[in-house]
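Notes for the structure review
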Amino acid sequence: MIENLVIVESPAKAKTIEKFLGSDFMVKSCFGHVRDLSKKNFGIEIENNYSPQYIITEDKKKIVGELRKLVKESTVVWLATDEDREGEAIAWHLSEILKLPAENTKRIVFHEITKDAIRKAVDNPRGINKDLVNAQQARRILDRLVGFELSPVLWKKIQPKLSAGRVQSVAVRLLVEREREVLHFKPESKFKVYGTFSFSDNNGKKGELKAEIPDRFPGPDEAKEFLNLCKDADFKVVDITTKPSRKSPAPPFTTSTLQQEASKKLGFSVSQTMSVAQKLYEAGFITYMRTDSFNLSGLALASARKTIIEKFGEKYAKTRKYKTKVKGAQEAHEAVRPTYFQNNTINGNHSEQRLYELIWKRTIASQMSEAQLEKTTVTIDVPNSDKKFIASGEVIKFDGFLKIYMESGNDKSDDSAKGLLPPVSAGQSLNYETISANERFSTSPPRYTEASLVKKLEELGIGRPSTYAPTISTIQQRGYVLKEDRPGFNRTVRIISISEGKLEEKTKTETAGTEKKKLFPKDIGMVVNDFLLEHFRDVLDYNFTASVEKEFDEIAAGKLDWTEMIDNFYKPFHVKVEKSLADSIKKTGERQLGKDPETGKPVTVKIGKYGPMVQLGDSNKDEKPRFASLMKGQIIETITLEEALELFKLPRTIGDFEGKDLVIGVGRYGPYLRHDGKFFSLMKGTDDPMTIIKSRAIELIDENRKIENKRVIKNFSADPDMKVLSGRYGPYISYKKKNFRIPRKKDPESLTYDDCMKIIEEGQKKERQKAKGKRQK
DNA sequence: CAGTGAGCGAGCTTCCGCTTGACTT
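Residues numbered from 1 in each chain as written. Chains lettered and ligands numbered in written order. Predicted model: local features only at pLDDT ≥ 70, side-chain atom pairs only at ≥ 80, totals over all residues. Heavy atoms only, no water.

Applying the stated criterion across every chain, the model contains 18 aromatic pairs. For the pair Phe-536 and Phe-573, a centre-to-centre distance of 5.9 Å together with 50° between the ring planes defines the contact as tilted. Of the two residues, Phe-536 sits in helix α14 (residues 523–540) while Phe-573 sits in helix α16 (residues 562–582), which places them 37 residues apart along the sequence. Residue classification places Phe-536 among the buried residues on the basis of a relative accessible area of 0%. In textbook terms, an aromatic cluster arises when at least three aromatic residues are bridged by ring pairs, as seen for Phe-197, Phe-217, Phe-226, Phe-235, Phe-389 and Tyr-432. Over the face of the ring belonging to Phe-148 we find Arg-144, whose NZ or CZ atom lies 4.2 Å from the ring centre. Sitting over the face of the ring of Phe-520, Arg-486 holds its NZ or CZ atom 3.8 Å from the ring centroid. (Phe/Tyr/Trp six-rings, centres within 6.5 Å; stacked < 30°, edge-to-face > 60°. Helix = DSSP H or I, 4+ residues; strand = E, 2+ residues; numbered from the N terminus. Buried < 20%, exposed > 50% of the residue type's maximum accessible area, 1.4 Å probe, protein only. Lys NZ or Arg CZ within 6 Å of the ring centre and 35° of its normal.)

Have a look at this one:
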């Protein structure tokens with residue numbers, strides 16, 4: 001007999017809690033949601049007042065079975081799922097499927113895993129809050145209705161397997177709109193003036209001072225006019241002011257800020273951050289990593305303080321509590337923090353150590369004193385002009401939290417001089433060494449990175465800590481978005497300068513627009529976005545989630561009936577769905593580019609069966625039109641007639657090798673070289689299909705053959721189909737186009753043909769079992 | 001993965017949010 005059975009969501013949490021509770025408590029985890037809407041017929045009986053049809057999820061059947069057995073042997077069951085809408089719903093689903101009687105069931109909550117918090121929770125049990133559960137059901141049903149009605153519209157109007165949803169479609173919209181801002185942006189240039197001055201102080205000591213004019217000059221003429229004015233001017237320091245300033249530390253990490261900083265400081269993708277954090281959590285090094293709360297437990301605050309005093313001294317410690325400003329935050333957990341502050345490093349692989357140290361520093365810094373700075377501004381008068389040169393410097397008087405952590409700034413680089421200024425005094429005369437006016441171009445708003453998109457979504461209250469990473473990967477999987485690097489372009493900038501009374505004009509080249517790991521919307525993303533905006537603008541509205549969240553809150557407060565809320569949304573929504581289906585024209589994003597000067601045939605661009613393509617000729621006329629895929633980086637929206645005509649020059653033969661043609665083309669997976677029936681991908685960045693030459697093509701073939709040979713660990717003369725190869729995930733057997741894992745114990749070098757056959761039979765047996773399992777779903 | 005772009009049609013795709021492993025070539 002089990003006296004008390006406690007059910008929590010996470011197994012790692014179960015382990016910790018079990019230690020805090022006495023031996024008469026057994027703690028089990030249910031691994032999150034155990035039931036979900038059936039996928040058949042929406043899982044909702046719309047006609048029956050939106051009655052939800054729940055089924056136990058395939059991957060939870062086993063754990064539910066175990067829980068059912070344990071419940072039978074237990075006296076009291078404690079539902080200790082998270083203290084938020086989803087957690088309450090999980091508790092309710094558990095009570096339903098485990099048929100828990102109210103009198104022997106207690107609902108408890110805690111949002112920090114400390115002995116005190118858990119004891120306190122056990123002393124204050126309550127029942128399940130059905131209003132909160134209904135708010136969750138409304139959320140779930142709304143998302144299902146939106147997702148499962150919109151997606152099929154896209155299958156019919158654009159292409160199969162596409163998807164739309166309350167969260168992902170807004171994420172794509174943000175990217176598409178930003179991309180268009182970038183594409184339409186016309187950089188303007190102005191001239192920024194910098195001066196380097198020299199002086200000798202009262203003791204005859206020489207010094208140098210760099211300063212700049214805060215406002216910019218609209219053009220070269222204005223800049224020149226100003227420089228001419230400076231040529232013979234006597235410069236003088238007219239004012240020196242020093243002002244104290246303070247800097248406060250950033251709050252401890254939430255999921256989204258952890259993703260942002262890990263991206264900026266460590267170069268991690270959001271999913272990488274989450275999987276490394278998961279490892280740290282399971283090892284007991286950090287608290288739960290999916291959270292929207294800045295909160296630290298009392299114990300954590302005290303422990304951080306102790307660590308800071310030990311390491312840095314009393315004056316570095318300052319206990320701080322942070323409040324969330326995020327819309328819709330549910331704060332069921334603590335902030336992401338180290339479990340033991342005394343450990344500033346941990347054992348683990350390189351990524352784990354780096355992420356841990358980042359978390360440790362950020363959390364510790366959040367409990368440290370503010371930095372005290374002194375900002376000095378020197379103003380230099382320009383005779384006969386209302387412009388003034390300004391030099392500014394900043395000195396740290398007390399480092400405080402800056403001792404260990406500095407939050408990453410924005411992408412914009414701060415080019416004003418920082419640091420200590422030389423000792424000048426008011427009234428001091430200055431001579432200029434050089435004064436130069438540099439042409440500066442304005443920049444478009446930046447494209448999103450994965451992490452900056454998460455930040456934006458969080459600001460809009462869209463998505464949850466557990467879904468940021470999956471959402472980012474969904475929009476990439478659907479082909480709406482591509483994460484990649486793009487090289488910049490060179491441009492000429494003008495520099496006008498004076499030195500020793502002589503005016504000089506030069507130019508120099510700079511690279512602009514270089515992008516690293518940025519999200520680019522693809523054509524299909526743009527077409528889907530435009531279609532959804534045309535017909536379902538309200539769902540794509542940036543405030544849609546915020547406004548339905550308000551209603552969910554009312555449901556949770558018992559002031560609104562959930563079926564009424566859903567009905568108010570669904571009735572008009574469904575009408576729009578029907579309307580959008582009414583005209584049967586497919587959306588392809590087609591654009592007319594003009595006429596081919598040689599043949600006079602029309603050139604168009606659109607999304608075809610296999611992606612974006614250009615077409616030469618009319619498909620309704622007798623002659624079959626020519627087709628060609630767009631190249632990487634080209635999009636329907638911006639491709640020109642000239643670029644399109646270039647594409648029709650492929651495929652082309654560039655010579656022969658070993659008696660066979662070398663053919664260059666662009667296919668489904670990018671530019672390729674075809675030789676003797678084999679395909680070789682061209683190297684991106686280095687090989688251009690339009691200009692590649694024969695010798696380079698042969699080089700590619702040679703390289704490929706070498707790699708191919710290296711991959712082979714073993715082959716068998718008896719059967720050329722059987723090979724032991726070394727791949728990304730270690731050695732494996734390849735047999736008749738199928739791959740099989742080699743059991744860990746076996747040495748791949750010494751496998752015999754019969755050994756391989758045996759492994760293959762085992763593998764096929766497993767595969768059959770898996771297929772069987774899938775059919776039962 | 002495969003390097004195309006005829007047309008037909010059966011059967012499938014899809015949401016968000018809560019959790020981990022299983023699995024990949």
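Once you've had a look at it, read on.
Ser-10, Tyr-288, Tyr-610, Tyr-669 and Arg-741 are the nearest of the 57 residues found near DNA strand B. Atoms of DNA strand B within 4 Å of the protein belong to the sugar or the phosphate in 44% of instances, the rest to bases. Taking Arg-290, its side chain carries an N or O atom lying 2.8 Å from a phosphate oxygen of DNA strand B. The contact in question runs from a phosphate oxygen of DNA strand B to an N or O atom on the side chain of Ser-466, over 2.8 Å. Listing elements by their share of the surface near DNA strand B, those giving two or more residues are α5 (130–157), α9 (270–282), β22 (626–629), β25 (670–675), β29 (730–735) and β30 (738–741). (Near = heavy atom within 4 Å. Polar contact = N/O pair within 3.5 Å; in protein donor to acceptor, adjacent residues only side chain to side chain.)

Turning our attention to the pairing of strand β26 (residues 678–681). Pairing analysis gives four bridges linking β25 to β26, with the strands arranged antiparallel. What sits directly across from His-675, in β26, is Lys-678. In sequence, β25 turns back onto β26 through a hairpin of two residues, with Asp-676 there showing a positive phi of about 55°. (Pairing = 2+ DSSP bridges.)

What follows deals with the nonpolar core. Counting 117 residues, the largest nonpolar core has Leu-154, Ile-286, Leu-355, Leu-453, Leu-532, Ile-566 and Val-614 as the members making the most contacts within it. The residues touching Leu-355, leaving out its near neighbours within four places in the chain, are Leu-258, Ala-262, Leu-266, Phe-268, Thr-273, Val-276, Ala-277 and Leu-280. Ala-211, Val-378, Ile-380 and Ile-496 belong to the second largest nonpolar core, which has 27 residues in total. (Core = buried A, V, L, I, M, F, W, Y, C linked by side-chain atoms within 4.5 Å. Contact = heavy atoms within 4.5 Å.)

What follows covers the sheet that holds β22. The strand order β19-β20-β21-β22 describes an open sheet built from four strands, whose pairing is antiparallel. Both outer strands of the open sheet, β19 (591–595) and β22, are each paired with one neighbouring strand and no more. Between one strand axis and the next, the sheet turns through 25° on average, direction left out of account. With six bridges joining them, strand β20 (residues 602–608) and strand β21 (residues 611–616) adopt antiparallel strand pairing. (Axes fitted to C-alpha atoms, helices over the stretch in contact; angles between N-to-C directions.)

Spatial ordering of the open sheet is given by β2-β1-β7-β8, a layout of four strands whose pairing is parallel. Every other strand in the sheet has two partners, leaving β2 (25–29) and β8 (105–107) as the edge strands with one partner each. The average angle at which neighbouring strand axes cross in this sheet is 25°, direction not considered. In this sheet, strand β7 (residues 74–79) lies alongside strand β1 (residues 2–8) in parallel orientation, the contact comprising five bridges. What sits directly across from Ile-7, in β7, is Leu-79. Taken strand by strand, helix α1 (residues 11–20) contacts β1 and β2, and its axis lies near 170° from that of β2.

Running from amino to carboxyl end, helix α12 (residues 450–459) crosses helix α13 (residues 468–477) at an angle of 120°, the nearest separation of the two axes being 10 Å. Once α12 is placed against α13, the crossing between them reads as right-handed. Across the interface between the two elements, Glu-450, Leu-453, Val-454 and Glu-458 from α12 touch Tyr-468, Ile-472, Ile-475 and Gln-476 from α13. In terms of residue class, the contact of α12 with α13 is made up of five nonpolar, one polar and two charged. (Left-handed = near helix turned anticlockwise from the far one by under 90°. Nonpolar A, V, L, I, M, F, W, Y, C, P; charged D, E, K, R; others polar.)

Where charged atoms of side chains with opposite charge meet at close range, the side chains can pair. Summed over all chains, the structure comprises 46 salt bridges. Arg-180 is the partner of Asp-530 in a salt bridge, and the nearest nitrogen-oxygen pair spans 2.9 Å. Here the residue Asp-530 occupies a position in helix α14, and Arg-180 occupies one in helix α6 (residues 168–184), the gap between them amounting to 350 residues. The salt bridge involving Lys-576 is made with Asp-538; its shortest N-O contact spans 2.8 Å. With a gap of 38 residues between them, Lys-576 in helix α16 and Asp-538 in helix α14 connect regions that are remote in the sequence. Each of Glu-86, Arg-139, Asp-143 and Arg-166 takes part in a single network of salt bridges with overlapping partners. (Salt bridge = Lys/Arg side-chain N within 4 Å of Asp/Glu carboxyl O.)

This paragraph deals with the side chain of Ser-580. Structurally, Ser-580 is set in helix α16. A polar atom in the side chain of Ser-580 sits 2.8 Å from the backbone oxygen of Val-577. Excluding its chain neighbours within four sequence positions, the residues that come into contact with Ser-580 are Val-153, Lys-157, Phe-531, His-535 and Phe-536.

Leu-650 connects to Pro-651 through a cis peptide bond whose omega is -5°. One non-glycine residue with positive phi stands out, namely Glu-331, at about 45°. Accessibility expressed as a relative area gives 29% for Glu-331, which makes it partly exposed. We note that Lys-517 has phi near 50°; this positive angle belongs to a residue other than glycine. Looking at the element boundaries, Lys-517 is found in strand β18 (residues 515–521). Under the relative-accessibility criterion, Lys-517 is labelled partly exposed at 45%.

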